[in-house]
Amino acid sequence: PVSMDAPQSVIMPSLAMVLVLDRSGSMAETQGAFSKLDLAKEASLGVLDVTQDHDLLGVIAFDSAPHWVVPLQPVENRFAFAGPIASIVPEGGTNIGPALEEAHKALRQVDASVKHVILLSDGISAPAEWDAIAAAMRADGITTSTVGIGRDADRELLAQLAAWGDGRAYFTDDIHTVPQIFATETILVSRPIRVDEPFVPQWYQQADFWTPEAPLPALGGYVITTAKA
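Residues numbered from 1 in each chain as written. Predicted model: local features only at pLDDT ≥ 70, side-chain atom pairs only at ≥ 80, totals over all residues. Heavy atoms only, no water.

With that settled, consider unusual backbone geometry. Of note in the backbone geometry, Asp166 takes a positive phi value of approximately 55 degrees without being a glycine. Looking at the secondary structure, you find Asp166 in the loop between α5 (155–164) and β9 (169–172). Look at Asp166 and you get partly exposed, because its relative accessible area is 46%. (Helix = DSSP H or I, 4+ residues; strand = E, 2+ residues; numbered from the N terminus. Buried < 20%, exposed > 50% of the residue type's maximum accessible area, 1.4 Å probe, protein only.)

Residue-level pLDDT values for the chain average 91, and 94% of them are 70 or greater. The weakest mean pLDDT in the chain belongs to strand β10 (residues 194–195) at 74; the strongest belongs to helix α3 (residues 96–107) at 98. (pLDDT = per-residue confidence, 0-100.)

For the rest of this paragraph, the subject is the packing of aromatic side chains. Across all of its chains, the model carries one aromatic pair by this definition. Measuring from ring centre to ring centre gives 5.0 Å for Phe199 and Tyr222, while their planes differ by 75 degrees; the resulting arrangement is edge-to-face. Of this pair, Phe199 sits in the loop between β10 and β11 (222–223) while Tyr222 is found in strand β11, placing the two residues 23 residues apart along the sequence. Under the relative-accessibility criterion, Tyr222 is labelled partly exposed at 35%. (Phe/Tyr/Trp six-rings, centres within 6.5 Å; stacked < 30°, edge-to-face > 60°.)

In this section: the nonpolar core. Grouped together as the largest cluster of nonpolar side chains are 31 residues, with contacts concentrated most on Met17, Leu19, Leu57, Leu120 and Phe182. Sorting the residues of this core by element identifies β2 (15–22), α1 (36–47), β5 (56–62), β6 (66–74), α2 (79–86), β7 (114–121), β8 (142–149) and α6 (178–190) as the ones contributing at least two each. Counting residues per element, this core draws most heavily on α1, which supplies five residues. With sequence-adjacent residues up to four places away left out, Met17 is seen in contact with Val47, Leu56, Leu57, Gly58, Leu72, Leu107, His116, Ile118, Thr186 and Val189. Of all hydrophobic cores here, the second largest spans 21 residues; its members include Ala16, Ile60, Ala99 and Ile133. (Core = buried A, V, L, I, M, F, W, Y, C linked by side-chain atoms within 4.5 Å. Contact = heavy atoms within 4.5 Å.)

Within the open sheet, the six strands sit side by side as β6-β5-β2-β7-β8-β9. Their pairing is mixed. Of all the strands in the sheet, the pair left with one neighbour each is β6 and β9. Taken over all neighbouring pairs, the strand axes of this sheet differ in orientation by 15 degrees on average, direction set aside. Note: β7 against β8, seven bridges, orientation parallel. Residue pairing in the sheet places Ser121 in a bridge with Gly148 of β8. On top of the sheet, α3 reaches β2, β5, β6, β7 and β8; it is set at about 160 degrees to β7, its chief contact. (Pairing = 2+ DSSP bridges. Axes fitted to C-alpha atoms, helices over the stretch in contact; angles between N-to-C directions.)

Because an α-helix packs 3.6 residues into every turn, residues spaced three or four apart end up facing the same way. Looking only at helix α4 (residues 130–139), the buried set comprises Trp130, Ile133, Ala134 and Met137. The arc that holds the buried residues of α4, viewed along the axis, is 95 degrees, so those residues lie on one side. Tucked into the core, α4 has its buried residues touching α3, β7, β8 and α5. Where α4 ends, the next residue or the one after it, Gly141, has phi of about 75 degrees, a positive value. (Arc of directions from axis to C-beta.)

The residue Ile118 is located in strand β7 in this model. Residue class for Ile118 comes out buried when judged on its relative accessible area of 0%. For the pair Ile118 and Thr184, spaced 66 residues apart in sequence, the C-alpha separation works out to 11 Å. Beyond its immediate stretch of four places on either side in the chain, Ile118 contacts Met17, Val18, Leu19, Val20, Ser145, Val147, Phe182, Glu185 and Thr186.

Below you can see the structure in the form of structure tokens.
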């Protein structure tokens, strides 16, 4: 009797998100006319099309160390993103840990309903205290999703980071799918249809398996639905 399409009138939570992009030398590898980094940059710019003006977005590029390409700021200033993102060039090694810590440091200082990180990498990272980093981010309400590009990506680590971060792990050998992955992930976190908060259901129509005299149990959350015609 109901549809699980979220109604357009639902007020979306404010979003603060940091894109953490691998810019190591291997990101220069190409498929057709484009390199991995070319598509990562296109994907980052595409995020601007599926976010609201009041949302916050930041971009970190990392090799052996993290570098803020665009500090966390409102999406409405779209011109502040285009030039710096386009200027990212591939160089150096792969060290994910410090980049995640930088994203954590920025996100924990802002007030937003949803705080999220999208991490993209195509290689094996230098070691780090992954469980401690992930635990600290989750303690501050920050979720993490990961995108692995190509066969050399550390799929085990990326999957584990997404699991610890209560996010999703994506893997692709086709770099041309990266912009769609970023757009899909942004929509998922900015327009959730699941509400995770306790509530007590209310009677609407008699059910054979329950009597109105018996109290309904409290539940831990619900999926937004709308009545069908």
